[in-house]
Amino acid sequence: MENMTMKQTNIETSRIGLGTWAIGGFQWGGTDEQEAQKTIHAALDKGIKLIDTAPGYGFGKAEEIIGKALHSSSLNRSEITLSSKTGLNWNEKDGLFRDSTKAFIHQDIERTLRNLQTDYVDVYHVHWPDTLTPFYETAEALNYLYKEGKIRAIGLSNFSTEQMDIFREAAPIHAIQVPHNLFERNSENELLPYAEEKELTAFLYSSLTRGLLSGNITKDSQFSEGDIRRDTDPKFQSPRFEQYLKAVKELDELAQDRFNKNVLELALRWNLQQPGSTISLWGARHPEQLAPLDNLWDFFIDDETMRDIDEILMRTVKTPIGIDFMAPPNKQDL
Ligand code: NAP
């Protein structure tokens, strides 16, 4: 495992983080709590020190499961980096919606601490920008928690560079969290260069494009009811789905030919080689899914192979699409 110290902080952590969106169950067709806890223990056993979560993942369920798993772990709290989020509220009628008001953040952090069974969060991100709340109000609320020691670093997730500039007038930023994987690369244009320039750690999310880059998904894969890949995520809908599957097949062949690896290992290695100070978030909910972790450290993707990867993507994915489907609504749009 490669470890790192997050820029502008003394947080030492692993360059791979366990993503727990699926562990929360909501939008992933449900969760198996025992299996999820085993996955968290397997991740820690393998040297993953960072767990990324959010109250929005199963309306607190993912955080609760993590809290229980850590409680039964032999590791000390200081050996684990917990990354969670605020800024998404919910109710029964509307589901999740953006809310980064000071009042909500102050109540949200307390619930997160209770669920995670801890008294501080290492990295606390605003999950999605709430444009109905002044950014300085959100920034001041986060800065207050930072100064109080309830959070050790501040992150902004899914913010534009202009929004981050405004936020920074009232609070420090230590990290950003952005979608970044072989199929979702918009962050390369502005966000990752911004992170490098401002010395921020970039948490790269959906490293496997929600499993597409695992190599295990085929045209006949069946997703459970409630799994976003069944009818919401546009990459999994025909005819685009076939384009992405063709890309996966060709990337897998390239990985086998050049490195004796598979597409999942290539995708994670590619993420780890992105410029700047980066962390790759890998979602898993079964312990055995983390087995390939041991295969990421003995190869390097050279420049020529990087170009060949780009050529495969250009040729196979004719109508690429981003992650707009994930964006939760503003309160006024409900
Ligand atoms: P991901 O890492 O791209 O893919 C996760 C899925 O890939 C798993 O749930 C699993 O699918 C499949 N998978 C993983 N390892 C596998 C293996 N060895 N073999 C076969 N399949 C495998 O997806 P993600 O969960 O979207 O992203 C990772 C993390 O990033 C999230 O959990 C979350 O922490 C963070 N994230 C943040 C935001 C944000 O707005 N800030 C948005 C999205 C994600 P099955 O469960 O079906 O087996």
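These remarks concern the structure in this document. Being a predicted model, the structure only gives us computed values, none of them experimental.

**Some words on the overall build of the chain**
Of regular secondary structure, the chain possesses 11 helices and 12 strands. The C-alpha atoms of the chain give a radius of gyration of 19 Å, which matches the 20 Å a tight globule of 334 residues would have. Oriented by its inertia axes, the alpha-carbon framework of the chain measures out at about 55 × 45 × 40 Å. Looking at the chain as a whole, 58% of its 334 residues are labelled buried.

**Describing the layout of surface pockets**
When its volume is computed, the second largest pocket comes out at roughly 680 Å³. By residue number, the principal contributor to the lining of the second largest pocket is helix H11 (residues 303–316), which donates three residues. Taken together, the residues of the lining of the second largest pocket sort by class into 14 nonpolar, five polar and six charged.

**Considerations on the pattern of salt bridges**
Per the counting criterion, the structure on display carries 25 salt bridges. Residue Lys 61 is joined to Glu 33 by a salt bridge in which the shortest nitrogen-to-oxygen separation is 3.3 Å. Taken as a pair, Lys 61 in helix H3 (residues 61–71) and Glu 33 in helix H2 (residues 33–45) lie far apart in primary sequence, 28 residues in all. Across the pair Glu 250 and Lys 246 runs a salt bridge, and its minimum N-O distance is 2.8 Å. Taken together, the residues span about one helical turn, with Glu 250 and Lys 246 both in helix H9 (residues 240–259) at a distance of four residues. Each of Glu 33, Lys 61, Glu 64 and Lys 68 takes part in salt bridges that share partners, so that together they form one network.

**Side note on the sheet that holds strand S12 (residues 278–283)**
One closed barrel holds the eight strands; their spatial order is S3-S4-S5-S8-S9-S10-S11-S12, and the pairing between them is parallel. For this sheet the average axis-to-axis angle between neighbouring strands, irrespective of direction, equals 30°. One ladder, built from three bridges, connects strand S3 (residues 16–19) with strand S4 (residues 50–52); its direction is parallel. In the strand pairing of S4, Leu 18 is matched with Ile 51. Contacts from helix H5 (residues 135–148) reach strand S5 (81–86), strand S8 (121–126) and strand S9 (151–157) within the one sheet, and its direction differs from that of S9 by about 155°.

Quick notes on the rules
- Residues numbered from 1 in each chain as written.
- Predicted model: local features only at pLDDT ≥ 70, side-chain atom pairs only at ≥ 80, totals over all residues.
- Heavy atoms only, no water.
- Helix = DSSP H or I, 4+ residues; strand = E, 2+ residues; numbered from the N terminus.
- Rg over C-alpha atoms; globule rule 2.2 N^0.38 Å.
- Buried < 20%, exposed > 50% of the residue type's maximum accessible area, 1.4 Å probe, protein only.
- 1 Å grid on protein atoms, 1.4 Å probe; cavity = no way out; pocket = protein on both sides within 12 Å on 5 of 7 lines; lining within 4 Å.
- Points joined across faces, edges and corners; volume = space filled by probe spheres on them.
- Nonpolar A, V, L, I, M, F, W, Y, C, P; charged D, E, K, R; others polar.
- Salt bridge = Lys/Arg side-chain N within 4 Å of Asp/Glu carboxyl O.
- Pairing = 2+ DSSP bridges.
- Axes fitted to C-alpha atoms, helices over the stretch in contact; angles between N-to-C directions.
- Contact = heavy atoms within 4.5 Å.

Read these as geometric descriptors, not functional statements.
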